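Breakdown of the fold
Each chain is listed here by its residues.
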Amino acid sequence: MINKSTTEIRQMFLTFFQNKGHKIIPGSSLIPNNDQTLLFTNAGMNQFKNIFLGLESINHSRITTAQHCIRAGGKHNDLKNVGYTNRHHTFFEMLGNFSFDDYFKQDAIKYAWELLTGKNWFNIPENRFWITTYHTDDESYNIWIKEIGIPEDRVIRIGDNKGSIYASDNFWQMGNTGPCGPCTEIFYDHGESIIGNLPGSVDGYGDRYTEIWNIVFMQFNRYNDGSLKLLSKPFVDTGMGLERISAVLQNVHSNYEIDIFRELIASISKLIMLSDFNNNSSNKSLRVIADHIRSSVFLISDGVFPSNEGRGYVLRRIIRRAIYHGYMIGVKGLFFYKLVKPLIYLLDNNKIESQQITIEKILMNEERQFLRILDRGIKLLDYELSQLQGDILTGEIVFLLYDTYGVPFDVTADICYERGIKFDELGFYAAMEQQKSKSRNSSIFTSNYNNIIKIDKNSDFSGYEKIIQRSKVTAIFKNDQFVNVLHQNENGIIICDKTCFYAESGGQVGDSGIISNNYFQFVVSDTKKYAKAIGHIGKLISGSISLNDLVNTQIDIKRRNAISINHSATHLLHAALRKVLGNHVIQQGSLVTDKYLRFDFNHFSAMTAIEIDKIENIVNYQIRKNHSIVTTLMYLEEAKEKGLVIFKNDRCNVKVRVLNIGDFSTELCCGTHANRTGDIGLFRINSESSIAAGIRRIEAVTGQVAIDLMRSQSHLLSEISKLINTDVNNLLKKIKVTLDKVKLLEKSLNELKWKQVAQKIISLHKQVKKINEVNLLITNVDNMDFNQLRMIVDGLKNKLKLAIIVLFTIYNGKVNITVGVTSNLSTKINANDLIMFVSQRLGGKGGGRADIAQCVISNITIVHDLLFLIEEWIYSRLRLMNK
């Protein structure tokens, strides 16, 4: 076998397939682009999904990639296994080769075997491999035996071993419906010294036989009834874990012993001052920390930030699990954020390095927040485990630890695992549902792939230059189904061969307008992309439209211009933010409409009023300079070499549009823009707020909308000035004087209320009854608010020493009730119990403590019932006390 570094192994794989006619394509972001079926990119095929679904075509029929992947959350979740096995990760690299209606089973298998065993390539001994195939896939089985020469007893045929038809380790499915097919997997035998059973074994476990390559043959489409039909164009989709093949080629039995992990774990051990830091690759906590710092850094780099939902929630789980494992091995204080620097040194990744400060700050904030609650939560968990009857921790307790004390589910799972205690995972999620908590799983990331509009048409976009385009109707959809004709008053989607309508993309909303000829008029309300086609969504208001009709597509130019100036303003805003706040600022999302713009960016604190003013001034200064806004085309790699800022989620093809605004801003962008910055007119920030940890949002307006806003605010100031009898210039001074007067009046009013309360306490004291040494008062008090009722109750409790006081009043059309019980009685007669009793029977809302509680009842006609209920409840409790 060769002895190469992980970096060299990755390059050998790519070079091998490049020599076989494959185009090397960069891996995609960890955030799937426009794919609501996935939480994270979890395989190399994700970026090609639309090609497999028939929604897009591709320029190259053979492709190879090295793809960053996350498997933590959703259908593919290896989080709980990380640290306890030799081969599981939350973040890993998947090497892949793909064939789109080109070669199929024979060549795919032969290529794999040549790379693995060829003397000029990986040169792994042939007798170390075992093969699995799907039990009905005779073609693959025969290729392995008859053409490759694998002994029959080393090729294992695996059937539907997961409980239902086609549910098999060796049958791959994109979803319950859609493209699918058999796969063949290649396993490496680490030898008899490693525990483990053969693949496909009922009791298969251990690390002796490690799957290193999965070759999927997509040859069927699966329908709702479970039937399979052959695809017209079959595909090959493969995946080889870089870390796993590196372990094989570096002659180690654990992924955590390969060069990149060995060096990272040594750096971690040294940083947290563990002894013998060069030999810690078997320490499960160090494995967790090493794996999780990689996941955390790459996720943050791709725009995921810790939060309480979705992708951010998964990132938070990963970070907190790593911090807990540091806590478990005795690390004191903050440490996790300090691991970014040694990781960057090992990665030699320019993108990650440019974001180092941002990533460190986000991790530091998350770590500081978690450490505040960790110790308290762990102590509570220790107590619960010490009280455990049996060996199962209930889901309700796991949820309580999570929801109330901040102990992540994964931390509880790890602690239970260490102590040999089972935990009720299903009960945990059931408790979350009962509490109506936000869903943390990724069940929303599902899809019926046969219900997607599939269109193989292309639409040429002319909207950068034209506002009217003569074109031909190439497809019509009604209720997501292809039709030949659309009739008057029907809604549908119209596809044309050419269009000037911009389809929603990169945060910019789609155009609206009219599609028409002499016989019909179709009102377009929105425009979206469907693969390489542009779909005009709307309603036919007259006539009928048919396939191949010649039409005019005409955008609403007024709306388009408003959208375009807002889009140009986002670029000015982005550049201004980087100048004022720092180069760590990167766009994290945007929305560009005709009414306003929204811009999300990473920053760690709220912007000050001075910073907001600076941003506005810079943008408006650039508007007044009336820069020309110019777009040029260049190849993506050329753009990257120039160091251009790429807006998140922009998807241009091989050649990209580079937007230049004078010498102030240069970025990639596929949207529509103004001709000059002067067209924007005016830029005004409406709000600046937080939307997630480390993510800020600015909403702003431009042009006529901004002018209208400022005019409206000016009119409002004038009206306020008239109301308080001053001019605008003296408005602030007059408001301060008025507020001072209000405070004096409020002080006087409070003094009057105190006098009223004191007098009421004296008068009510005379109405107190004594029942067996307990002072009891149940009475109505007129025209008192809740605060006054509470003050009266507290005053009477102090005077009476041993007492139950119930006061109620009708205030603002509702019955307000306050119950007070002196502390020496509250263990026997609980004020909150009485309030809850009354609320349940008379439809009230309220609560409190054992010594003081309050509620409000909307129906004022139940006062007599109220008195009866309260007296009956109290007298019954007093009788029980005296027995």
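Rules and cut-offs
Residues numbered from 1 in each chain as written. Predicted model: local features only at pLDDT ≥ 70, side-chain atom pairs only at ≥ 80, totals over all residues. Heavy atoms only, no water. Helix = DSSP H or I, 4+ residues; strand = E, 2+ residues; numbered from the N terminus. Buried < 20%, exposed > 50% of the residue type's maximum accessible area, 1.4 Å probe, protein only. Contact = heavy atoms within 4.5 Å. Areas by Shrake-Rupley, 256 points an atom, 1.4 Å probe, with all protein chains shown as cover. Lys, Arg positive; Asp, Glu negative; His and termini not counted. Charge placed at Lys NZ, Arg CZ, Asp CG, Glu CD. Salt bridge = Lys/Arg side-chain N within 4 Å of Asp/Glu carboxyl O. Axes fitted to C-alpha atoms, helices over the stretch in contact; angles between N-to-C directions. Parallel < 35°, antiparallel > 145°, perpendicular 65-115°, else oblique. Nonpolar A, V, L, I, M, F, W, Y, C, P; charged D, E, K, R; others polar. Polar contact = N/O pair within 3.5 Å; in protein donor to acceptor, adjacent residues only side chain to side chain. pLDDT = per-residue confidence, 0-100. Core = buried A, V, L, I, M, F, W, Y, C linked by side-chain atoms within 4.5 Å.

A tally of helices and strands in the chain yields 22 helices and 36 strands. The principal-axis extents of the C-alpha atoms in the chain amount to approximately 105 × 75 × 55 Å. Residue burial in the chain is summarised as follows: out of 883 residues, 50% are buried. Of all intrachain contacts in the chain linking residues separated by at least 6 positions in sequence, the fraction that spans at least 24 positions is 68%. For the chain, the exposed area adds up to about 41,800 Å²; of that, 48% sits on carbon and sulfur atoms. A distance of 7 Å separates the average location of the 104 positive side-chain charges in the chain from that of its 91 negative side-chain charges.

What follows is about the pattern of salt bridges. Side chains that differ in charge, positive against negative, can pair when their charged atoms come close. With the rule as written, the count across this model stands at 26 salt bridges. Two residues, Glu139 and Lys105, come together in a salt bridge whose shortest N-O distance is 3.7 Å. Of the two residues, Glu139 sits in helix α4 (residues 138-148) while Lys105 sits in helix α3 (residues 105-117), which places them 34 residues apart along the sequence. Overall, Glu139 belongs to the partly exposed group, its relative accessible area being 43%. A residue is classified by how much of its surface remains accessible, and Lys105, at 3% relative accessible area, is buried. Among the ionic pairs, Asp600 bridges to Arg697, the shortest N-O distance being 2.7 Å. Taken together, the residues Asp600 in strand β24 (residues 597-602) and Arg697 in strand β30 (residues 695-702) connect sequence positions 97 residues apart.

To characterise two packed helices, one gives the angle between the axes of the helices and the distance between these axes. In contact at an axis separation of 10 Å, helix α1 (residues 6-19) and helix α5 (residues 242-249) are set at 110 degrees when each is read in the N-to-C sense. In terms of their interaxial angle, α1 and α5 are classed as roughly perpendicular. Residues Thr6, Ile9 and Arg10 of α1 form the contact with α5, whose participating residues are Leu242, Ile245, Ser246 and Leu249. Counted by class, the contact of α1 with α5 contains four nonpolar, two polar and one charged residues.

What follows is about the side chain of Glu667. Tracing the sequence through the fold places Glu667 in strand β28 (residues 665-668). Notably, Glu667 is buried but unbridged: the nearest opposite-charge side chain belongs to Arg578, and the N-O separation is 6.2 Å. Looking at Glu667, its side chain comes within polar contact range of the side chain of His571, at 2.6 Å. Polar side-chain contacts of Glu667 include one of 2.8 Å to the side chain of His574.

On to the confidence of the model for the chain. Of all residues in the chain, 93% have pLDDT values of 70 or greater, and the mean over the chain is 87. Every residue in residues 436-447 scores below 50 in pLDDT, and together they form 23 contacts with partners more than four places removed in sequence or on other chains.

In terms of nonpolar packing, the biggest core is built from 70 residues, with Ile268, Ile293, Leu299, Phe336, Leu363, Leu385 and Leu393 touching the most fellow members. When residues of this core are traced back to their parent elements, those giving at least two are α6 (259-271), α7 (284-301), α8 (310-328), α9 (340-347), α11 (356-386), α12 (395-403), α13 (409-418) and α14 (425-434). The element contributing the most residues to this core is α11, with nine residues. Filtering out sequence-adjacent residues up to four positions away, Leu385 remains in contact with Leu393, Ile415, Cys416, Arg419 and Ile421. If you look at the next biggest cluster of nonpolar residues, it comprises 42 residues, including Ile131, Phe217, Leu242 and Leu249.

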